[in-house]
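Chain by chain, the residues:
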Amino acid sequence: MSESLKVEHILPGRCYEAKKPEKHHSGFWNDRQVRWVNSDRTKVQYDGPTVANGRHFPTIEMDKFLKWVGRDVTALMPDGEWRPWL
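Cut-off values and rules
- Residues numbered from 1 in each chain as written.
- Predicted model: local features only at pLDDT ≥ 70, side-chain atom pairs only at ≥ 80, totals over all residues.
- Heavy atoms only, no water.
- Salt bridge = Lys/Arg side-chain N within 4 Å of Asp/Glu carboxyl O.
- Helix = DSSP H or I, 4+ residues; strand = E, 2+ residues; numbered from the N terminus.
- Pairing = 2+ DSSP bridges.
- Axes fitted to C-alpha atoms, helices over the stretch in contact; angles between N-to-C directions.
- Phe/Tyr/Trp six-rings, centres within 6.5 Å; stacked < 30°, edge-to-face > 60°.
- Buried < 20%, exposed > 50% of the residue type's maximum accessible area, 1.4 Å probe, protein only.
- Lys NZ or Arg CZ within 6 Å of the ring centre and 35° of its normal.
- Polar contact = N/O pair within 3.5 Å; in protein donor to acceptor, adjacent residues only side chain to side chain.
- Contact = heavy atoms within 4.5 Å.

A. Looking closely at the pattern of salt bridges. Tallying each qualifying case throughout the model produces five salt bridges. Of the charged contacts in the structure, one is a salt bridge between Arg-14 and Asp-72, with a shortest N-O distance of 3.0 Å. Taken together, the positions of Arg-14 in the segment before strand E1 (15-18) and Asp-72 in strand E5 (residues 69-72) put the pair 58 residues apart, joining distant regions of the chain. Beyond isolated ion pairs, a larger network of salt bridges with shared partners links Glu-17, Asp-31, Arg-71 and Arg-83.

B. Just the sheet that holds strand E3 (residues 43-47), in detail. Ordered by their spatial adjacency, five strands build an open sheet running E4-E3-E2-E1-E5, and the pairing between neighbours is antiparallel. Strands at the two margins of the open sheet, each flanked by one partner only, are strand E4 (59-61) and E5. Taking the axes of each pair of neighbouring strands and ignoring which way they run, one obtains an average angle of 45 degrees across the sheet. The sheet contact formed by E1 and E5 spans three bridges and is antiparallel. Opposite Glu-17, over in E5, you have Arg-71 as the bridge partner.

C. Region of interest: unusual backbone geometry. Even without being glycine, Arg-41 reaches a positive phi, approximately 60 degrees. Structurally, the position occupied by Arg-41 is in the loop between strand E2 (32-37) and E3.

D. Representation of the pairing of E1 within the structure. Two elements, E1 and E2, share two bridges in a ladder whose sense is antiparallel. By the bridge assignment for E2, Cys-15 is matched with Gln-33.

E. View of the packing of aromatic side chains. Inspection of the entire model under this criterion finds two aromatic pairs. For the pair Tyr-16 and Phe-65, a centre-to-centre distance of 5.8 Å together with 90 degrees between the ring planes defines the contact as edge-to-face. Of this pair, Tyr-16 sits in strand E1 while Phe-65 sits in helix H1 (residues 62-68), and the two are 49 residues apart along the sequence. You'll find Tyr-16 and Phe-65 in the same group, each marked buried. The interplanar angle of 40 degrees and the centroid separation of 5.6 Å between the aromatic rings of Phe-65 and Trp-68 together place this pair among those described as tilted. In this pair, Phe-65 and Trp-68 both sit in helix H1, three residues apart, roughly one turn of the helix. The ring of Tyr-46 has Arg-32 sitting right over it, with the charged end atom 4.3 Å from the ring centre. We note Arg-35 situated over the ring of Phe-57; from NZ or CZ to the ring centre the distance is 3.9 Å.

F. Fine view of the side chain of Arg-83. One can find Arg-83 in the segment after E5. On the basis of relative accessibility, which here comes to 10%, the residue Arg-83 falls in the buried class. Reaching out from Arg-83, the side chain makes a polar contact with the side chain of Asp-31 at a distance of 2.7 Å. Beyond its immediate chain neighbours, meaning those up to four positions away, Arg-83 contacts Glu-17, Gly-27, Phe-28, Trp-29, Asp-31, Arg-71, Val-73, Leu-76, Met-77 and Pro-78.

Structural measurements only, silent on function.
Below is the structure:
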């Protein structure tokens, strides 16, 4: 998307790239998949390669997520996996 994403664009199940994408030591980009958005759309829970296995999924304020997010990359995601950078 050429313009900034807004609250209504952030949806559970969708994957998002950072405004400043970084390579994670796991061999994947630091993308985030939204797992949950609360009913008043002020909080977002996400998963991603930076979330260690066995850890709780982080929940952050929607405003912080919108500052972090660059674009929706769901269509670029390999089936059932994170985007590799290698």
